[in-house]
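Structure at a glance
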Amino acid sequence: MREISYREALREAFDEELAHDENVVIMGEEVAQYNGAYKVTQGLWEKWGDKRIVDTPISEAGFIGMGVGASMLGIRPVMELMFWSFHSVAFDQLVNNAACVRYMSGGLINCPIVMRGPANGGTNVGATHSHVPEGLFAAFPGLKVCCPATPADAKGLMKSAIRDNDPVYIMENTLLYGNKGPVPDPSEGEHIVPLGVADLKREGSDISLISHGRCVLHALEAAEQLSAEHGIECDVLDLRSIRPLDQDAIIKSVMKTNRAVLVDESKPFCGVSAQITTLIQEYAFDYLDAPIKRVCTIDAPAIYSKHIEDEQLPNPKRVIETVLSIA
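Thresholds, definitions, all that
- Residues numbered from 1 in each chain as written.
- Predicted model: local features only at pLDDT ≥ 70, side-chain atom pairs only at ≥ 80, totals over all residues.
- Heavy atoms only, no water.
- Pairing = 2+ DSSP bridges.
- Helix = DSSP H or I, 4+ residues; strand = E, 2+ residues; numbered from the N terminus.
- Axes fitted to C-alpha atoms, helices over the stretch in contact; angles between N-to-C directions.
- Contact = heavy atoms within 4.5 Å.
- Buried < 20%, exposed > 50% of the residue type's maximum accessible area, 1.4 Å probe, protein only.
- Parallel < 35°, antiparallel > 145°, perpendicular 65-115°, else oblique.
- Left-handed = near helix turned anticlockwise from the far one by under 90°.
- Nonpolar A, V, L, I, M, F, W, Y, C, P; charged D, E, K, R; others polar.
- Salt bridge = Lys/Arg side-chain N within 4 Å of Asp/Glu carboxyl O.
- Phe/Tyr/Trp six-rings, centres within 6.5 Å; stacked < 30°, edge-to-face > 60°.
- Lys NZ or Arg CZ within 6 Å of the ring centre and 35° of its normal.

With that settled, consider the sheet that holds strand β2 (residues 24-28). Taken in spatial order, the seven strands of this open sheet run β3-β2-β4-β5-β7-β6-β12, and their pairing is mixed. On the outer flanks of this sheet lie β3 (53-55) and β12 (241-243), each paired with one strand and no other. In this sheet, adjacent strand axes meet at a mean angle of 20° when their direction is disregarded. The pairing of strand β5 (residues 114-118) with strand β7 (residues 168-172) spans five bridges and is classified as parallel.

Right under this line is the structure:
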């Protein structure tokens, strides 16, 4: 076990999978000689060359369509979107083609493609570059969606995604790329995190904080403060995968603590936390001692001002206030 950054963990996953399967290729804008817009692919072009690390034109519809077609023919492309906010340019390819081809072909054609890149607010780049679309893509059968919070999960989920025979869309957070955490050394064996399995990051008995992505770190920080200042012990459940969703882990936690606060950077209207609220209501209603509460991004386009955007997004202070309102 050693400490490496989220960015390095992703890069290590790519390097290992490029070695594991000659059909794996990485494609996207500036991923080769420039080492990626966020330096996630740094050094891979020098090692693997032009046929495995491929720069594309600035045309999401074009290069994602190319990747989807290649995946139908047996290639395993890992496609980088410089921002997930650009998904709308290639919506037909992402949803109508990638998600549906296995079903439309009667199971004869797979689409083993990974779409990845930043999907987050908090970097003060305005409304058109700050979308968090995991709930949107999770709404389409045929797609798998992951939001890793830690370097170990980023590596493990990426390796699972590359080996999966369905389209897997991985939403990263630019504010996590430099974060360091323990990741098993390759000499210890392959580190793979299965899709659809949540992780209990902290155990408690009083309330369940259910989250994913960077919001897991807010939930953990809030949990430590609640424990120290109020004696409230929180379960912190990291979903890791949005679809498939680990429903059993969610219900088990709520049945134990009898209270739930959902911490989610997507907007509240039709967001991921709305789906989880329904799930808890359906399967654990009789165990609830208080209403389910949500801490989401305030329902407005991303605000450019740093100080206002920091308050628009979930943060530990908002989580603590919400927990205290039902504790």
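So, on to the sheet that holds strand β10 (residues 207-211). In spatial order, the strands read β9-β11-β10-β13-β14; together these five strands make up an open sheet with mixed pairing. Edge positions in the open sheet fall to β9 (199-202) and β14 (293-296), since each of these has one partner strand only. Across the sheet, the mean angle separating the axes of adjacent strands is 25° when strand polarity is ignored. As paired elements, strand β13 (residues 260-264) and β14 share four bridges and run parallel to each other. Across the sheet, residue V263 finds its bridge partner in β14, namely V295. Along the sheet face, helix α9 (residues 247-257) touches β9, β10, β11 (234-238) and β13 and points at about 155° away from the line of β10. Relative to β14, helix α12 (residues 316-326) is tilted by about 170°, and along the sheet it contacts β10, β13 and β14.

What follows concerns unusual backbone geometry. Geometrically, the link from R243 to P244 is a cis peptide bond, its omega value of 5° lying close to zero. Of note in this structure, N35 is not a glycine but carries a positive phi near 75°. The residue N35 is located in the loop between β2 and α2 (44-48) in this model. Residue classification places N35 among the buried positions, given a relative accessible area of 13%. At N258, a residue that is not glycine, the phi angle is positive and equals roughly 70°. Here N258 shows up in the loop between α9 and β13.

Turning our attention to the packing of helix α1 (residues 6-20) against helix α7 (residues 151-163). Two elements in contact, α1 and α7, have axes whose closest approach is 8 Å; the angle formed by their N-to-C orientations is 30°. Taken as axis vectors, α1 and α7 run roughly parallel relative to one another. Taken as a pair, α1 and α7 cross one another with a handedness that is right-handed. Contact with α1, carried on its side by Y6, A9, L10, E12, A13, F14, E16, E17 and H20, involves P151, A154, K155, M158, K159, I162 and R163 of α7 and no other residues of that element. Tallied by class, the residues present in the contact of α1 with α7 amount to nine nonpolar, one polar and six charged.

Tallied over the entire structure, the rule returns 25 salt bridges. When the shortest N-O distance is used, the salt bridge between K159 and E16 registers 2.9 Å. One end of the pair, K159, is in helix α7; the other, E16, is in helix α1, and 143 residues separate them in sequence. For E17, the salt bridge goes to K159, with nearest N and O atoms at 2.6 Å.

Here the focus is the packing of aromatic side chains. Tallied over the full model, the rule gives nine aromatic pairs. Relative to F86, the ring of F83 lies with its centre 5.5 Å away and its plane at 75°, an arrangement referred to as edge-to-face. An angle of 45° between the planes, with centres 6.2 Å apart, marks the rings of F91 and F137 as tilted. Of this pair, F91 sits in helix α4 (residues 91-97) while F137 sits in helix α6 (residues 134-138), and the two are 46 residues apart along the sequence. Accessibility expressed as a relative area gives 29% for F91, which makes it partly exposed. Pairwise contacts between aromatic rings join Y6, Y38, F83, F86 and Y177 into one cluster. Looking at K39, its charged tip hangs above the ring of Y34, at a distance of 3.7 Å from the centre.

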